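Each chain, letter by letter, is given below.
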Amino acid sequence: MSIAEEILTVSSSSPHQDMANAIRALSMDAVQAAKSGHPGMPMGMADVATVLFTRYLKFDPSAPDWPDRDRFILSAGHGSMLLYSLLYLCGYSDITLDELKRFRQLGARTAGHPEYGHAAGIEMTTGPLGQGLATAVGMALAERMLNARFGDDLVDHYTYTIAGDGCLMEGISHEAIDFAGNLKLAKLIVLFDDNQISIDGATSLATSMDQPARFRAADWDVVSVDGHDEEAVSDAIKAARANDRPSLIACKTIIGFGAPNMQGTAATHGAPLGEEEIAAARKTLGCLQAPFDIPEDVLQNWRKAGARGHFVQRLWAAKLAGAPDTIRQVFKTGNAGNLPTNFDSVVDQIKKDFSVEAPKLATRQSSQKVLDVLMEAVPMLVSGSADLTGSNGTKTKSYLPVSAGNYAGNYIHYGVREHAMAAAMNGIALHGRLIPLSGTFLAFADYSRGAIRLGALMGVPVVHVMTHDSIGLGEDGPTHQPVEHLASLRAIPNLNVFRPADAVEVAETWALALKSNDTPSVLCLTRQGLRALRTSHVSENLSAKGAYVIRDTDGERDITLLASGSEVEIAIAAADMLGVKGIEAAVVSMPCWELFASQSGDYRARVLGTAPRVGVEAACGFGWEKWIGCDGVFVGMTGFGASAPASDLFRHFNITSVAVADAARALIEKREV
């Protein structure tokens, strides 16, 4: 055992039962005061959590963002009072007794489910079951990858997660545990709250899965223990920490432990126990104090447990102080400082080259060329794909795959696991010091959506590369042709959905995505080739405003054509056709609706103009009324696609320059009547 481990280990003679019962009492009291919540899980897992936090977890409440702390994820986020109780008892300043009393109230740090950013010690937002487990896999992978880069002195910590039956029923759990087992993420330890109770009743109503066997099949180390036997739990954690594979500790627990008339039943899962049962539980547990009152000796024992990591944190800080300046900056700045100081000039040179070369490329190919440069320029950038490496263009010249025992790579093969991939990227970003991106087809964003939404809620800077973004993918047909997906993704708050029109816009949107510190991004890219539109170099990132006039008029506008992605060149061709007829048509490229919506009203008015508007996009028109107005016309998809070459499909669905020009003329004529 190292000196640090000896310091962190609290003697097993600590008054475990009193400390665990403090969690139970606070959980009962807070849920009762809020008149809603989930007391059963915190009461059932109090023994396990007490062992973990007092004997093994490496943390320091006085330095909650310490990069080498252990990560603790409450995947079963409905049991949030377990986490809030632990943070209060261990001395995290954000979670006070008053915050516990305000559980689930407007403006409280103690939301119904843990929310990232509300308080120190909350490593991620959980609640959608399975997300925490899958995100923890990403955190554990980030730890190994950074360890390979910086060594044990600076990166050597564990990722623990408490997961319940519901987490393991969710399909994302299968993707995540298979992925983690294949990579042998030995510093990942899952504590399974095996209480066999769900909201509806016994889990046997819906599953007969042998969960330990499932994890063993995924090459995990598995052990089952009595979750109320502190020494058995401690021995299991100790053994897991020494393992060469990820570990599942199945902790057999009693939900609502200590509530004499309700424990072991679904009645304790998602509702207050009631005053009478709480009184009976206090008597059973020996917690006879008033609500929210923790005996001073018990609180002090918890505070000592919380303080035990401070010296270890200071030892780590001293090691960092002796490291080279480049390494110190990585650990001091996290993701925000991972872009090199010459990043803007690197991107500007890429744009210059594209403007001069004027290549006709699919935007997925343009993206790959951009990444060829950026992966070299930004060492902490980590790429990957869900088994679509060649199609997504996420594999670059500097490709070095990550694998079990070789975590120094920069490319992650996620396999056909889109949901777990998106969640793991959230975990990598939350862990800090790495910037994750990965690819799949836009039609498969539906598989990833739960994790994409959670990433937007947390504000984590990840980049989802979604290629084959329309009927333009051609022969694979409507199963693979996204038509509703752009609207669906644009509906998610705090998510930037980029759809660049040519290679220059691709470079600009990559710059914007990587500079975003609190908003995830989706890059929607084509399979089909697009001609270069921006052939005169401009240093300004025009895409940064979300929309801009890419083809202006000589005089007053008669019509404004709005488009994104591959349809911008269609709109420009239509404008040229209209120009021959003496109609002044401006074209607006709209690579990012969200950024455009954030611009000033004056800027938006200048771009949109006062002339009638036609919107064109090879997707469903939902949402376009915001930009073209009630009187505008939309040219696009009204249903699913079909299997055929791309050029045939655009003609079949009447998304052509002729159709756009005809719509523009009809709109002008209608206004003149």
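Residues numbered from 1 in each chain as written. Predicted model: local features only at pLDDT ≥ 70, side-chain atom pairs only at ≥ 80, totals over all residues. Heavy atoms only, no water.

K.L.:
What exactly am I supposed to notice about the overall build of the protein chain here?
P.N.:
Scanning the protein chain for helices and strands turns up 27 helices and 18 strands. Compactness check: the protein chain gives a C-alpha radius of gyration of 28 Å against a globular reference of 26 Å for 673 residues, within 12% of the reference. Its C-alpha atoms give the protein chain principal-axis dimensions of about 90 × 55 × 45 Å. Put simply, the protein chain has 673 residues, and 61% of those count as buried. (Helix = DSSP H or I, 4+ residues; strand = E, 2+ residues; numbered from the N terminus. Rg over C-alpha atoms; globule rule 2.2 N^0.38 Å. Buried < 20%, exposed > 50% of the residue type's maximum accessible area, 1.4 Å probe, protein only.)

K.L.:
How should I be thinking about the environment of Gly151 in this particular structure?
P.N.:
Structurally, Gly151 is set in the loop between helix H6 (131-150) and strand S2 (159-164). The class for Gly151 is partly exposed, based on a relative accessible area of 24%.

K.L.:
Help me understand the packing of aromatic side chains, please; the structure alone is not making it clear to me.
P.N.:
Centre distance and the angle of the planes are the two values used to describe a pair of aromatic rings. Counted under the stated rule, the structure contains 17 aromatic pairs. Following the ring pairs from residue to residue traces out a cluster consisting of Trp593, Phe596, Tyr603, Trp624, Trp627 and Phe634. In this structure, Arg303 packs its charged tip against the face of Tyr88, placed 5.2 Å from the ring centre. Sitting above the plane of the Trp593 ring, Arg490 keeps its charged end 3.8 Å from the centroid. (Phe/Tyr/Trp six-rings, centres within 6.5 Å; stacked < 30°, edge-to-face > 60°. Lys NZ or Arg CZ within 6 Å of the ring centre and 35° of its normal.)

K.L.:
Which parts of the structure should I look at to understand helix H15 (residues 343-357)?
P.N.:
One full turn of an α-helix is made of 3.6 residues, so residues set three or four places apart face in the same direction. For H15, with 15 residues, the first-to-last C-alpha span of 21 Å sits near the 21 Å given by 1.5 Å per residue. All of the buried residues along H15 are Phe343, Val346, Val347, Asp348, Ile350, Lys351, Phe354 and Ser355. Just downstream of H15 lies Ala358, where phi reads positive at about 45°. (Expected span 1.5 Å × (residues − 1).)

K.L.:
Teacher, can you tell me more about the pattern of salt bridges here?
P.N.:
Oppositely charged side chains are able to pair whenever their charged atoms sit close together. Within the structure shown, the criterion is met by 28 salt bridges. The shortest N-O distance in the salt bridge between Glu508 and Arg534 comes to 2.6 Å. Taken together, the residues span a long stretch of sequence, with Glu508 in helix H21 (residues 503-515) and Arg534 in the loop between strand S13 (521-525) and strand S14 (548-551) at a distance of 26 residues. According to the relative accessible area criterion, Glu508 is buried, its value standing at 0%. Take Arg534: its relative accessible area is 8%, and that puts it in the buried class. What you see here is one network of salt bridges that share partners, running through Lys184, Asp219, Asp221, Asp244 and Arg245. (Salt bridge = Lys/Arg side-chain N within 4 Å of Asp/Glu carboxyl O.)

K.L.:
Teacher, can you tell me more about the sheet that holds strand S8 (residues 381-385) here?
P.N.:
Strands pair in a sheet through their backbones, by hydrogen bonds, and they do so in one of two ways: parallel or antiparallel. Strand order in the open sheet formed by six strands is S9-S8-S10-S11-S13-S12, and the pairing between neighbours is parallel. Each having just a single partner strand, strand S9 (411-413) and strand S12 (496-498) make up the two edges of the open sheet. In this sheet, adjacent strand axes meet at a mean angle of 20° when their direction is disregarded. Pairing geometry for S12 and S13, over three bridges, is parallel. When the sheet's bridge partners are listed, Asn496 is paired in S13 with Ser521. (Pairing = 2+ DSSP bridges. Axes fitted to C-alpha atoms, helices over the stretch in contact; angles between N-to-C directions.)

K.L.:
Explain the sheet that holds strand S1 (residues 71-74) here, please?
P.N.:
With respect to topology, five strands assemble into an open sheet ordered S1-S2-S3-S7-S6, the strand pairing being parallel. The two strands at the open ends of the sheet, each matched to only one other strand, are S1 and strand S6 (221-226). For this sheet the average axis-to-axis angle between neighbouring strands, irrespective of direction, equals 20°. Pairing of S1 with S2 involves four bridges; the strand directions are parallel. Following the sheet pairing, Ile73 is matched in S2 by Thr161. H6 contacts S1, S2 and strand S3 (188-194) of the sheet and is inclined by roughly 170° relative to S2. (Contact = heavy atoms within 4.5 Å.)

K.L.:
What is the right way to look at the side chain of His269 in this model?
P.N.:
Tracing the chain through its elements places His269 in the loop between strand S7 (247-252) and helix H11 (275-285). Excluding residues within four positions of it along the chain, His269 makes contact with Gly37, His38, Pro39, Gly40, His78, Ile199 and Ile255.

K.L.:
Before we go on, may I ask you to explain unusual backbone geometry in this structure?
P.N.:
Excluding glycine, residues mostly have negative phi values, and the peptide bonds linking residues are mostly trans. In the Ramachandran plot, Lys35 falls in the positive-phi region, its phi being about 65° despite a non-glycine side chain. Looking at where Lys35 falls in the secondary structure, it is placed in the loop between helix H2 (16-34) and helix H3 (40-56). Phi is positive for Lys184, which is not a glycine, with a value near 50°. Looking at the element boundaries, Lys184 is found in the loop between helix H8 (171-183) and S3.

K.L.:
What exactly am I supposed to notice about the side chain of Ser385 here?
P.N.:
Relative to the elements of secondary structure, Ser385 occurs in strand S8. Taking relative accessible area as the criterion, Ser385 reaches 1% and is therefore assigned buried. Of the polar contacts made by the side chain of Ser385, one reaches the backbone nitrogen of Leu388; its length is 2.9 Å. A polar contact of 3.3 Å, which involves the side chain of Ser385, links it to the backbone oxygen of Gly439. Once residues within four sequence positions are removed from consideration, Ser385 is found in contact with Asn392, Thr394, Tyr411, Ile412, His413, Tyr414, Gly415, Met421, Ser438 and Gly439. (Polar contact = N/O pair within 3.5 Å; in protein donor to acceptor, adjacent residues only side chain to side chain.)

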